[in-house]
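Residues per chain are reported as follows:
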Amino acid sequence: MLYKNVLKTLVGKWMQLVSIAVIIVMSSLTYTMMFYGISGIEVPTEDYLASSNQEDFAVEMLNRVTADEANDPEIASLVASGTYTLADLKQVDPERFDDLIGARIDAVESVMPEATLELRESKLITYAFAGSEHRGLVLKETMTINQSYLEAGSRPTTDDEVALNAKYAEKNGIEVGDTIDLGTPFTVSGFVLFPDYTLPLFDENFFNLDAGTQTLLLMTDEAYEAVVGTESFRLAGVTDGAIDTVELPFVVSVMETENIMRSGAIYSEISSGKAMALGLSLFIVSIAVIIVAILISNMLEAERGQIGLLKAIGYNRRQISPPYLVLILVFATLMLVIGYFLGLYFADPLKNLYLDFYLLPSITIAQNPLVFLTAVFAPLLFFAIVAGAVIYKLMGESALALLSPRDNISLNRLSRLVSRMLSRASGKTKFKYLYAVKSTGSFIIFFLGILFSTLLIVFALMMNGAVDRMTVGGLNDVDYAYEAYANTESPPMLADGQEPFLAYPFAFVEDQLVTLKGLSDDNTLYRLQDRDGNELTPATDGVIVTEPLALKQSFDVGDTIDLELDGETLSYPILGIADDFTGDVVYLPIEMLSNELTDGASSDLFNGVYASERPDESVYPTILSRDGLIEQSESINEYMNLMMNVMIGGSALIAFSILFVLTALTVEKNYYVISLLKVMGYNRREVRSMILDSYFVYALISALLSIPIALVVLRIIIVVFAEDYGLVLPLEFEWIYVLYTVGAVTLLFFVSTFVSRRKIDQIPLQEVLKTYQE
């Protein structure tokens with residue numbers, strides 16, 4: 001009989017239970033989906049990286065001859081002839097190149113005697129495929145470190161074969177045995193992965209990650225040497241000892257794998273993903289548990305008389321309590337199980353979403369009993385403890401206390417604070433705003449729910465446009481169609497529609513490697529702008545720096561920047577900060593940079609052009625298409641838009657559920673008060689305002705308070721990424737976002753309280769008489 005009565009009471013609250021069910025399901029779903037999705041790449045990734053001997057650290061080094069190395073007479077003669085990059089040296093004198101690299105390896109190993117080093121060679125190429133421009137990073141096979149991993153097919157054995165990434169092949173309909181034109185035809189022999197490129201990052205642009213338009217390539221050594229592209233070198237290392245700082249002239253940086261975006265981001269993704277899954281799940285289930293506790297408390301308070309009568313006729317606490325606890329736990333268990341299986345269903349799409357960007361092997365997701373126990377029984381135990389405590393406390397009162405009307409509860413601290421703030425307000429206003437904070441627990445859940453939702457909304461709004469700024473920078477505003485690089489030894493003749501520039505990627509600012517870029521002051525195809533849209537022109541009396549460099553070094557307009565160039569330090573004032581996040585670049589007049597690089601011998605040096613028409617590939621081996629770069633950013637933009645929609649949708653769902661349940665419970669708990677207000681002459685609109693609209697004001701205050709908290713959190717994220725990965729996230733806050741956030745909270749509030757407002761209208765005046773008679 002007791003079970004039937006409690007079940008009937010719960011069924012009468014089905015709308016509140018549905019909202020609570022949404023929160024419980026989301027808790028279990030979040031944990032299960034993220035844990036299984038991440039585990040689907042974690043397990044095979046660990047095996048893959050171990051078997052391929054992934055580097056423990058990487059030594060980024062100058063891809064040019066240093067002053068000390070130029071003391072060698074033979075190298076000095078090559079430098080004098082214009083051969084100063086390692087790629088030039090390798091082409092002109094391979095034996096001298098091997099000696100120089102060997103000397104560099106010996107120098108690093110003398111500092112880290114427990115380390116083993118190996119040269120990592122790569123070439124960046126561009127090619128046309130299916131009417132679009134694609135990019136490939138050709139990696140030369142290594143002997144022991146960062147060995148390639150074959151997913152299907154075979155490694156290239158002839159000079160006309162190539163292996164590429166399976167994800168790239170999938171997105172472009174390529175199969176083993178097909179032919180792909182990389183400037184010359186190659187037969188696809190297999191699908192390959194490289195452990196030092198778990199993210200397809202080929203340059204400074206951290207967000208050009210489109211696995212459908214760029215791929216890693218493996219060729220035979222002979223084919224690698226024959227392919228034409230921008231070649232670069234670094235040293236890969238493994239060690240059983242500590243990874244120390246190396247102070248050598250040719251060393252730019254020594255970074256542990258965990259701190260390298262192209263290879264170490266997967267480690268932070270896995271660890272932070274699991275931590276986030278558990279954290280979000282605990283946060284969401286905590287909200288659900290407390291709301292359930294409030295629901296049970298209200299339900300038991302409404303049935304105090306019946307419970308007191310049962311105790312008076314001989315029932316004890318142990319006999320009355322089980323129906324309430326068992327039915328709530330059955331409900332919670334059912335929702336948690338539903339959430340688990342929904343999470344299991346969505347785990348595979350989440351894993352595939354990761355594999356759209358991470359170049360990793362994957363396995364079929366298999367269920368794990370421990371995950372089921374964590375997703376279902378851990379929160380269920382939480383439910384049992386909290387719900388049991390609430391039931392046990394109220395059931396402990398005597399029959400006489402339960403049958404007697406409850407005395408008014410004294411004001412809590414929050415109520416006293418609000419009361420003092422409203423000391424001069426009217427009685428109606430005091431009633432309105434004190435009633436919402438009468439229950440401290442309910443108000444805390446209400447505040448945290450609005451806070452969490454607002455944080456996600458603000459973060460999503462600040463992400464809007466950030467990826468565009470990082471991937472394409474100001475490319476949408478420039479007039480050139482192609483950016484092409486020539487050999488530095490012999491600058492070609494300029495054709496119509498071409499404007500020269502001079503790029504020198506070997507300068508330092510405060511021990512940070514930067515690219516110097518010389519531009520003409522009459523350049524029309526590529527113009528620099530600051531964040532306000534003001535045009536910036538290189539001048540002889542100063543330089544222009546990009547936003548990432550300014551943020552990392554805390555530069556501002558008017559500051560002095562010290563450039564280290566070939567052992568010489570040059571100081572210039574900063575004339576402007578270019579609104580460009582695609583790299584750490586310092587712009588200056590091309591004549592000035594040419595004079596610096598040639599010791600005043602020439603002011604006409606250039607090694608690249610901006611062009612309206614595609615330049616001759618025989619003269620410019622590296623050509624970047626503006627439209628191609630913009631197209632490559634579309635994939636990451638789609639991903640970020642999806643993330644924005646998920647964050648906004650998830651935050652809205654949680655906020656809606658919390659607001660709906662709390663306001664509905666408020667109305668149910670105050671039937672007598674609402675009826676009394678109507679008897680006193682207040683109309684329906686006034687009653688709604690006094691019971692519910694105070695929540696609206698508190699929701700707006702909570703939202704506004706959460707905005708500065710969100711900005712502080714995001715600032716911490718930006719600093720961490722900049723310090724650990726050298727990645728500057730161009731997240732920008734605009735004051736219009738305050739209106740968007742307030743608008744979203746307002747919409748959520750009135751939608752979620754629609755049913756509660758109707759219930760207020762339906763409460764009859766006779767309720768007060770009925771309660772009085774009881």
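Residues numbered from 1 in each chain as written. Predicted model: local features only at pLDDT ≥ 70, side-chain atom pairs only at ≥ 80, totals over all residues. Heavy atoms only, no water.

## Considerations on the overall build of the chain
Thinking step 1. A count of helices and strands for the chain gives 25 helices and 21 strands.
Thinking step 2. With 774 residues in all, the chain has 51% of them scored as buried.
Thinking step 3. Accessible surface computed for the chain: about 35000 Å², of which carbon and sulfur atoms make up 57%. (Helix = DSSP H or I, 4+ residues; strand = E, 2+ residues; numbered from the N terminus. Buried < 20%, exposed > 50% of the residue type's maximum accessible area, 1.4 Å probe, protein only. Areas by Shrake-Rupley, 256 points an atom, 1.4 Å probe, with all protein chains shown as cover.)

## As for the side chain of Arg 135
Thinking step 1. Secondary-structure assignment places Arg 135 in strand E3 (residues 132-139).
Thinking step 2. Here Gln 214 takes part through its side chain, which lies 2.9 Å from a polar atom of the side chain of Arg 135. (Polar contact = N/O pair within 3.5 Å; in protein donor to acceptor, adjacent residues only side chain to side chain.)

## Concerning the confidence of the model for the chain
Thinking step 1. Here the chain averages 79 in pLDDT, and 82% of its residues register 70 or above.
Thinking step 2. By mean pLDDT, helix H25 (residues 766-773) is the weakest element of the chain at 53, and strand E5 (residues 161-164) is the strongest at 95. (pLDDT = per-residue confidence, 0-100.)

## Thoughts on helix H5 (residues 94-111)
Thinking step 1. Counted at 1.5 Å a residue, the expected span for H5 with its 18 residues is 26 Å, and the 26 Å between its end C-alpha atoms agrees.
Thinking step 2. Restricting attention to buried positions, one finds in H5 the residues Arg 96, Phe 97, Leu 100, Ile 101, Arg 104, Ile 105 and Val 108.
Thinking step 3. On its buried face, H5 sits against strand E1 (57-61), helix H3 (73-80), helix H4 (86-92), strand E2 (115-129) and strand E9 (230-239). (Expected span 1.5 Å × (residues − 1). Contact = heavy atoms within 4.5 Å.)

## A word on a nonpolar patch on the surface
Thinking step 1. Side chains of Leu 334, Ile 338, Leu 342, Tyr 345 and Phe 346 sit close together on the surface and give an oily, nonpolar patch of about 480 Å² of accessible area.
Thinking step 2. Inspection of the secondary structure assignment puts Phe 346 in helix H10 (residues 317-355).
Thinking step 3. Residue classification places Phe 346 among the partly exposed residues on the basis of a relative accessible area of 36%. (Patch = residues over 30% accessible without salt bridge, like charges linked within 9 Å, V, L, I, M, F, W, Y side chains within 5 Å. Salt bridge = Lys/Arg side-chain N within 4 Å of Asp/Glu carboxyl O.)

## As for the side chain of Ser 189
Thinking step 1. Relative to the elements of secondary structure, Ser 189 occurs in strand E7 (residues 185-193).
Thinking step 2. A distance of 2.8 Å separates a polar side-chain atom of Ser 189 from the backbone oxygen of Ser 154.
Thinking step 3. Not counting residues up to four positions away in its chain, the partners in contact with Ser 189 are Gly 153, Ser 154, Arg 155, Pro 156, Glu 161, Val 162, Ala 163 and Val 176.

## What to know about the environment of Ser 189
Thinking step 1. Taking the relative accessible area as the measure of exposure, Ser 189 reaches 7% and is therefore buried.
Thinking step 2. Between the C-alpha atom of Ser 189 and that of Ser 154, which follows or precedes it by 35 residues, the distance is 5.5 Å.

## Observations concerning the pairing of strand E18 (residues 568-578)
Thinking step 1. Inspection of the sheet shows strand E16 (residues 543-546) paired to E18 by 4 bridges, in the parallel sense. Note that in E18 the partner of Val 545 across the bridge is Ile 577.
Thinking step 2. In this sheet, E18 lies alongside strand E17 (residues 560-565) in antiparallel orientation, the contact comprising 6 bridges. Across the sheet, Asp 562 pairs through a bridge with Ser 571, a residue of E18. (Pairing = 2+ DSSP bridges.)

## Notes on the nonpolar core
For soluble globular proteins, the rule of thumb is that nonpolar side chains tend to be buried together.
Thinking step 1. Counting residues in each nonpolar core, the largest one holds 76 residues, and the members touching the most others are Ile 20, Ile 24, Leu 199, Leu 216 and Phe 383.
Thinking step 2. Top element by residues in this core is helix H2 (residues 14-51). It accounts for 15 residues.
Thinking step 3. The contacts of Leu 216, once residues within four sequence positions are left out, are Leu 137, Leu 139, Ala 163, Leu 164, Asn 165, Phe 194, Tyr 197, Phe 202 and Leu 359.
Thinking step 4. Judged by nonpolar contacts, the second largest core, of 34 residues, contains Ala 486, Phe 506, Ala 507 and Ala 550. (Core = buried A, V, L, I, M, F, W, Y, C linked by side-chain atoms within 4.5 Å.)

## Observations regarding a negative patch on the surface
Thinking step 1. Together, Asp 56, Glu 114, Asp 240, Glu 256 and Glu 258 line one region of the surface with negative charge.
Thinking step 2. As for its placement among the helices and strands, Asp 56 is situated in the loop between H2 and E1.
Thinking step 3. For Asp 56, a relative accessible area of 30% translates into the label partly exposed. (Lys, Arg positive; Asp, Glu negative; His and termini not counted. Charge placed at Lys NZ, Arg CZ, Asp CG, Glu CD.)

## Quick word on the packing of aromatic side chains
Thinking step 1. Taken as a whole and judged by the stated rule, the model has 18 aromatic pairs.
Thinking step 2. For the ring pair Phe 501 and Tyr 610, a centre distance of 4.6 Å and an interplane angle of 40 degrees mean the geometry is tilted. On the criterion of sequence distance, the pair formed by Phe 501 in strand E12 (residues 498-509) and Tyr 610 in strand E20 (residues 608-611) is long-range, its members being 109 residues apart. Comparing Phe 501 with Tyr 610, the two get one shared label, buried.
Thinking step 3. Every member of this aromatic cluster is reached through a ring pair, and the members are Tyr 31, Phe 35, Tyr 36, Tyr 340, Phe 341, Phe 372 and Phe 377. (Phe/Tyr/Trp six-rings, centres within 6.5 Å; stacked < 30°, edge-to-face > 60°.)

## Structural notes on the pattern of salt bridges
Thinking step 1. Counting across every chain of the model gives 22 salt bridges.
Thinking step 2. Between Asp 72 and Arg 96 there is a salt bridge; the shortest N-O distance is 3.7 Å. One end of the pair, Asp 72, is in the loop between E1 and H3; the other, Arg 96, is in helix H5, and 24 residues separate them in sequence.
Thinking step 3. Residue Asp 72 is classed as partly exposed on the basis of its relative accessible area, which comes to 27%.

## Thoughts on unusual backbone geometry
Thinking step 1. Residues other than glycine seldom take positive phi values, yet Asn 53 does so here, at roughly 55 degrees.
Thinking step 2. Checked against the element boundaries, Asn 53 lands in the loop between H2 and E1.
Thinking step 3. Phi at Asn 146 takes a positive value of approximately 55 degrees, unusual for a residue other than glycine.
Thinking step 4. Within the secondary structure, Asn 146 sits in the loop between E3 and strand E4 (149-153).

## Some words on the pairing of strand E8 (residues 214-218)
Thinking step 1. Within E8, 5 of the 5 residues are buried, which leaves the element mostly enclosed by the surrounding structure.
Thinking step 2. Every second residue of E8 is oriented toward a common face, with Gln 214, Leu 216 and Leu 218 on one face and Thr 215 and Leu 217 on the other, all of them buried.
Thinking step 3. The pairing of E3 with E8 spans 5 bridges and is parallel. Directly across from Gly 136, in E8, lies its bridge partner Thr 215.

## Notes on the environment of Gly 190
Thinking step 1. Position of Gly 190 relative to the elements: it lies in strand E7.
Thinking step 2. The spatial distance from the C-alpha of Gly 190 to the C-alpha of Glu 161 is 9.0 Å, given a sequence separation of 29 residues.

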